[in-house]
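# Structure assessment
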Amino acid sequence: MLLPASSLLAIANLAASVNPHPPHLAAVPVLEAGATLVGEDTAAAPLATTTTEPAPDEDTSAEPPPHIAAGDVLAGGKLLLTNGVTTVDGSSGGGLARWATIGGRQMKGGIGLSAHATAIELSDYGWRSYGVLVGFGDRLELSYARADFDTRDIGALLGIGQGYTFNVDTFGAKLRVAGDVVYGETWLPQIAVGIEHKRSRDGALVRALGAAEASGTDYTLSATKLFLARSLLVNGTLRYTQANELGMLGFGSAAGAGYKLQFEGSLGYQLSRRAVVGAELRTKPDNLGLGDDDWMDIFAAYALTRNVTLTAAYVDLGSIATIPDQRGAFLSAQVAF
Amino acid sequence: MIFAAAASAALMLIQQAPAEATDWDAEFGVEVKQRDPVTGELPVDPYEQSNANAGAAPYASAALAADFGGREGIARIAARAVELSEADPRIAAIFASHDTVRLKRTLGEQFCYLLGAGCDYTGRDMKTAHAEMGVTKSDMNALVENLQAAMREADVPFASQNRLLAKLAPMSGEVVER
């Protein structure tokens, strides 16, 4: 004779009223045994041997109950390189161009962390930047990056002091609004909108150089897609900005020049799961009339492990603060979880 | 309280042990399917067979099919990708309750058809085949990694690997449920 599960539960609860143990200790094996049978009933292809005898209570109660541990939330599930590398502004992207990708290795329901350090050695200047990023699902990323721009000997030449270093803090946010960089219709790229709020730490100096403000906010719209049939990653970003040299030289100009629409493009060819080579272009406004040029690079990125990605590039940043031909090497390391 | 204890004790006593020969499948309404003695596959509900069920138009490139080792090579790669997934703790649970004998065959047919290697696809369409599995995009990524591993083992050039993935990636909307 079989009693329905509800009777067993009633007995368990009755027993609990005379038992110092909490009722769930008695109820759990009953519930789990029921769940196991239901699961086998609906399974498409159970093996005959596993369905002919009910699982003993001891076995099922020994199984850990389903739960969400910290390890599950932080378990990164992205395909290699699909979290991008880190831009000079601290966002997920290429080295120079922001992408629609979300940083961190997490997928839906997870939280990811990413940190990076970047060095650019130019003919006359040195750039160092480093920062952290937190990603929520494959949906939202929040980033912070600090950039230091060392004028070295040029500082003395410009009269601001030997080795004067400009500093900028960038606070970024990016939201994926549609599409997927890998999956879905080929014609639908991953699309993201975002902002980058930048604060120069050299307010007095950048105003003296002609900038209107020491802080400003960029607005971005990015579309990124990996065209698997060609192994080609294509990215385009529109950036509405008034930043001079990414904010190093302040924002806008006292003469009235302000926001302009700029373009960032990337093309990458996937050599393997781990390696991609490509080129980028980032246009920039010339609000201060100092001859700010567009930035370009050719890059190679390599995913050393799931968590570590190295990027090396040859960059041509053109003229910076009237000093022409600023070319050199870009090196960046990213650690992501 | 004493009455409750007595009542539960009484209930325990009057409950008879089930007979040794109880047919538990019948008691719980479990339908036991028998594997086909020839193919080793479990039966599925009838459906209309069509190459359209493969979910994409095939390539027409002999060179591409050759990169995968032709029909036999493709079948091996599909079977290996399923094997790796059955052993992959991230997604093994999805495969545990499914007929992987049939899956290896139909997946091989699908790849073979899409790669233009001269097979017909006899499986179900992607939406039906993945119904109620609760597959996530993370699960898809794990499967892609296992398929990539199987293709690497078979020395398929990376660009050709991506061409197969290019046919499969747009089907994610039919497969991913949550």
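Bear in mind that the values here come from a model prediction, so they are computed numbers and not experimental data. (Residues numbered from 1 in each chain as written. Chains lettered and ligands numbered in written order. Predicted model: local features only at pLDDT ≥ 70, side-chain atom pairs only at ≥ 80, totals over all residues.)

## Some words on the overall build of chain B
- In terms of regular secondary structure, chain B is built from 10 helices and zero strands.
- In chain B, the succession of helices and strands from N to C terminus is α-α-α-α-α-α-α-α-α-α.
- On C-alpha atoms alone, chain B measures out to a radius of gyration of 23 Å, which is more than a quarter above the 16 Å that the 2.2 N^0.38 rule sets for 178 residues.
- Referenced to the eigenvectors of the C-alpha coordinate spread, the extents of chain B come out at roughly 80 × 35 × 25 Å.
- For chain B, the share of sequence-separated contacts (at least 6 apart) that also reach a separation of at least 24 residues comes to 78%. (Helix = DSSP H or I, 4+ residues; strand = E, 2+ residues; numbered from the N terminus. Rg over C-alpha atoms; globule rule 2.2 N^0.38 Å. Contact = placed C-beta atoms within 7 Å.)

## A few points about the confidence of the model for chain B
Residue and element names in this part refer to chain B.
- Per-chain confidence: chain B averages 93 in pLDDT, with 100% of residues scoring 70 or above.
- Mean pLDDT across the elements of chain B bottoms out in helix 1 (residues 2–14) (83) and peaks in helix 9 (residues 158–168) (98).
- Scoring the predicted complex yields pTM 0.81 and, for the interface, ipTM 0.85. (pLDDT = per-residue confidence, 0-100.)

## Quick word on the pairing of strand 7 (residues 190–200) of chain A
Residues and elements named next belong to chain A.
- Side chains Gln190, Ala192, Gly194, Glu196, Lys198 and Ser200 of strand 7 all project onto a buried face; the interleaved residues Ile191, Val193, Ile195, His197 and Arg199 project onto a face where none is buried.
- Here 10 bridges tie strand 6 (residues 165–178) to strand 7, and the two strands are oriented antiparallel to one another. Bridge pairing in strand 7 links Asp169 to Arg199. (Buried ≥ 20, exposed ≤ 12 C-beta atoms within 10 Å, placed from the backbone. Pairing = 2+ DSSP bridges.)

## With respect to the packing of helix 4 (residues 70–86) of chain B against helix 6 (residues 100–114) of chain B
All names here are of chain B.
- Between helix 4 and helix 6, whose axes approach to 8 Å, the crossing angle comes to 135 degrees. Relative to helix 6, the element helix 4 lies oblique. In this structure, helix 4 meets helix 6 at a crossing whose hand is right-handed. Only Thr100, Leu103, Lys104, Leu107, Gly108, Phe111 and Cys112 of helix 6 make contact with helix 4, whose side of the interface consists of Arg71, Ile74, Ala75, Ile77, Ala78, Ala79, Val82 and Glu86. (Axes fitted to C-alpha atoms, helices over the stretch in contact; angles between N-to-C directions. Parallel < 35°, antiparallel > 145°, perpendicular 65-115°, else oblique. Left-handed = near helix turned anticlockwise from the far one by under 90°.)

## Observations concerning the pairing of strand 10 (residues 260–270) of chain A
Residue and element names in this part refer to chain A.
- In the sheet, strand 9 (residues 232–241) pairs with strand 10 via 10 bridges, with the strands oriented antiparallel. Looking at strand 10, one finds that Thr241 is bridged to Lys260.
- Connecting strand 10 to the antiparallel partner strand 11 (residues 275–282) that follows it, the hairpin turn spans four residues.

## Observations regarding helix 1 of chain B
- Between its terminal C-alpha atoms helix 1 of chain B stretches 18 Å, which fits the 18 Å expected from 13 residues at 1.5 Å a residue.
- For helix 1 of chain B, a buried count of one out of 13 residues is recorded, marking the element as mostly open to its surroundings. (Expected span 1.5 Å × (residues − 1).)

## Re the sheet that holds strand 4 (residues 126–136) of chain A
All names here are of chain A.
- Reading around the barrel, the 12 strands line up as 3-4-5-6-7-8-9-10-11-12-13-14 and close back on themselves, with antiparallel pairing between neighbours. The mean angle between the axes of side-by-side strands here comes to 20 degrees, regardless of whether they run parallel or antiparallel.
- With nine bridges joining them, strand 3 (residues 111–122) and strand 14 (residues 327–336) adopt antiparallel strand pairing. Looking at the pairing, Ala119 lines up with Leu331 of strand 14.

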